[in-house]
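The chain contents come next:
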Amino acid sequence: MEDIIREGSAELLEEMRQLRDEAKRYREEAHREATRARHAMIAAQMETVYMPEEKKKWVIDGIPTPPGYYAYYGAGGNAYVLYHERSGKGEYSAYLANLEAAGFIRHYTGEVGKLLYACYYNDAAVLNVTYASSDGVLRVVVEPREEVVLPPLEPICDGTPESAEPKLCLFGDHLYDCHDCGMGYIYRLHDGTFVVIDGGMYDPDELPICFFNRLREMNGEGKIVISAWFLTHAHHDHIRVFVRLADLFADQLDIRRVICNFPGYLMQLGSGHRSWCKNLVGSVETALEKLSPRPQVIRAHTGQRFDFPGLSVDMLFTLDDFKHPFFPDNFNATSLIFRLTTAGQTYMFLGDADSTTNGIIVERFGELLRSDIVQVAHHGFWGGTKEVYDTIAAPIVFWPCPLINPRNGHDRYCDPNWSPITREMVKNHARAVFLQWKGTDILSLPVTGEEGITLASDTDEGHPE
């Protein structure tokens, strides 16, 4: 009898698995059809966004154009992209020569991996030019000069040199009591100022207050100077602490620079959440107006480098890098990717990057992505790929998520059906994991990993020690 029951149970489980797989397949097919329909709708509107119709937005006469290009209006703000496929290094060099012949001033040029990049400007416009041999595309992002803050080329020092011990705060206070996502990191620099990455939610009410209190704790008395606040993308769990701090503590904060690259109308429409995305992007602009003095807003472009006392940031992926016209199926595809270097260690910040963006950076940079520390993409949901994690091969992992899902009490770290790629990466490469479920860690630099957790075994049943 027991054998019959066991056999019947096995058959029932197998039938349930098949039904689950079929339901998943139907959902995926429905999503693909909805995406195709949305993209067809956007394509029908392209007459309103291609040049020369949008030429009236601001004067573009006098800007050299690549041969065989098309112009795509939708790169964020009032920017547009001059885009030429099937280019080569020769076309890139010739285009830069044309810019200089037209009187444009070179701000910087460089090369990393398979990417060539440059920034030029004149009184009318700023041009960020890239050529990637990995996809053979020459891209020129054109922005109105009056709307652009050029990234500084000299090291940034907004405090007193060598006045503070560098520290890193992995923010977690209350964040994961209520949410299964959210991300915030605070670096205290040698000069006593800060570099902040994202922040987290605005809910519960005390969460932004806790974030401010961590800044106060690391700063001491006096105004808190933030040299740069990097916002990877405009989702609630990454920007809302910034927005709420502008409401609550504007008089106690001196935020010098905000570095981001939010999508324009078309990318917001393509993600299927135009009004929602517009409101989130708008909330950041509203917050900026509440801060006095108003921070400089530097639009992130691939190839930029920011040097702070004891810390540098290299921008590896922005909206510029898609094959245009690009309409993301999810807003996470707009997330910045950058590498931070401090105290002899490299940190790869993936934000909420998805498989599309992962593939682009692996093709472009390959082994140059190898780092000491990696931030898990998209909190361990779908996003990070095995390819990108194997290439980065980081022995220390920052995983911005709770151990226990606050919504249902499930053990997320050890659930084999949740984040299998992340868990495989942890098993294959990590000797220490900072799973931000127990509150906030404030670490000395360099990060040794001693404060992190390890897996009790290399099986799916292994639990964090």
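Our subject is the structure that appears above.
Residues numbered from 1 in each chain as written. Predicted model: local features only at pLDDT ≥ 70, side-chain atom pairs only at ≥ 80, totals over all residues. Heavy atoms only, no water.

I would appreciate a short explanation of the packing of aromatic side chains in the present structure.
Aromatic ring pairs are described here by two measures, namely the spacing of the ring centres and the angle between the planes. By the definition in use, this model includes 15 aromatic pairs. Measuring from ring centre to ring centre gives 5.3 Å for F230 and F338, while their planes differ by 35°; the resulting arrangement is tilted. Taken together, the positions of F230 in strand β10 (residues 224–230) and F338 in strand β16 (residues 337–342) put the pair 108 residues apart, joining distant regions of the chain. Each member of the pair F230 and F338 is classed as buried. Considering the side-chain rings of Y347 and F349, the 6.4 Å spacing of their centres and the 5° angle between planes classify their relative orientation as stacked. By the burial criterion, Y347 is buried, and F349 matches it. (Phe/Tyr/Trp six-rings, centres within 6.5 Å; stacked < 30°, edge-to-face > 60°. Helix = DSSP H or I, 4+ residues; strand = E, 2+ residues; numbered from the N terminus. Buried < 20%, exposed > 50% of the residue type's maximum accessible area, 1.4 Å probe, protein only.)

Help me out: how do you make sense of helix α5 (residues 236–248) in this one?
Compared with an ideal rise of 1.5 Å per residue, which puts 13 residues at 18 Å, α5 spans 17 Å between its outermost C-alpha atoms and is within 8% of the ideal. Among the residues of α5, D237, H238, I239, R240, V241, F242, V243, L245 and A246 are the ones counted as buried. (Expected span 1.5 Å × (residues − 1).)

Help me out: how do you make sense of unusual backbone geometry in this one?
A cis amide bond, omega 0°, links S292 with the succeeding residue P293. Tracing the backbone through its elements, the reader meets P293 in the loop between α7 (274–290) and β13 (296–299). Backbone torsion omega between L445 and P446 reads 0°, so that peptide bond is classified as cis. Take P446: it is sitting in the segment after β21 (441–444). Residues other than glycine seldom take positive phi values, yet D198 does so here, at roughly 55°. Looking at the secondary structure, you find D198 in strand β9 (residues 194–198). On the basis of relative accessible area, D198 is assigned to the buried category, the value being 0%. For A393, which is not a glycine, the phi torsion comes out positive at approximately 50°.

Looking at this structure, how should I read the side chain of R188?
Tracing the backbone shows R188 in strand β8 (residues 184–188). Polar side-chain contacts of R188 include one of 2.8 Å to the backbone oxygen of E165. Looking at R188, its side chain comes within polar contact range of the main-chain oxygen of M218, at 2.8 Å. In this structure R188 touches A164, E165, P166, K167, T193, F194 and M218, once residues within four positions along its chain are discounted. (Polar contact = N/O pair within 3.5 Å; in protein donor to acceptor, adjacent residues only side chain to side chain. Contact = heavy atoms within 4.5 Å.)

For this particular structure, what's the right way to read the environment of G199?
Topologically, G199 is positioned in the loop between β9 and α4 (206–219). Not counting residues up to four positions away in its chain, the partners in contact with G199 are F171, M183, G184, F211, H238 and V241.

Mind showing me how you'd approach the environment of V149 here?
By secondary structure assignment, the location of V149 is in the loop between β6 (137–144) and β7 (167–170). Counting along the chain gives 150 residues from V149 to R299, while the straight-line C-alpha distance between them is 7.6 Å. Among all residues touching V149, those that are not within four sequence positions of it are Q296, V297 and I298.

When you look at a negative patch on the surface in this model, what are you seeing that I'm missing?
Taken together, the side chains of D177, D203, D205 and E206 define an acidic patch exposed on the protein surface. Within the secondary structure layout, E206 lies in helix α4. In this structure E206 comes out as partly exposed when scored by relative accessible area, which is 35%. (Patch = residues over 30% accessible without salt bridge, like charges linked within 9 Å, V, L, I, M, F, W, Y side chains within 5 Å. Areas by Shrake-Rupley, 256 points an atom, 1.4 Å probe, with all protein chains shown as cover. Salt bridge = Lys/Arg side-chain N within 4 Å of Asp/Glu carboxyl O. Lys, Arg positive; Asp, Glu negative; His and termini not counted. Charge placed at Lys NZ, Arg CZ, Asp CG, Glu CD.)

I would appreciate a short explanation of a nonpolar patch on the surface in the present structure.
Residues L12, L13 and M16 make up a contiguous nonpolar surface patch of about 290 Å² in total accessible area. If you trace the backbone, M16 turns up in helix α1 (residues 2–44). M16 gets classed as partly exposed once you look at its relative accessible area, which sits at 48%.

Would you mind showing me how to read the pairing of strand β4 (residues 115–121) here?
Each regular strand shows side chains that alternate between the opposite faces of the sheet. Burial analysis of β4 places six of its seven residues in the buried class, which makes it a mostly covered element. Of the pairings in the sheet, the one linking strand β3 (residues 105–112) to β4 comprises seven bridges and is antiparallel in character. Among the inter-strand pairings, Y108 is bridged to a residue of β4, identified as C119. Across seven bridges, the pairing between β4 and strand β5 (residues 125–132) is antiparallel. Across the sheet, Y117 pairs through a bridge with T130, a residue of β5. (Pairing = 2+ DSSP bridges.)

Whenever I open this one, the pairing of strand β12 (residues 257–260) confuses me. Can you help?
The two faces of β12 match: R257 and I259 on one face and V258 and C260 on the other face are all buried. Looking at chain direction, β10 and β12 are connected through two bridges and run parallel. Within β12, the position partnered with W229 by the bridge is V258. Two elements, β12 and β13, share four bridges in a ladder whose sense is parallel. Residue pairing in the sheet places C260 in a bridge with R299 of β13.

Coordinates in, geometry out; function isn't part of it.
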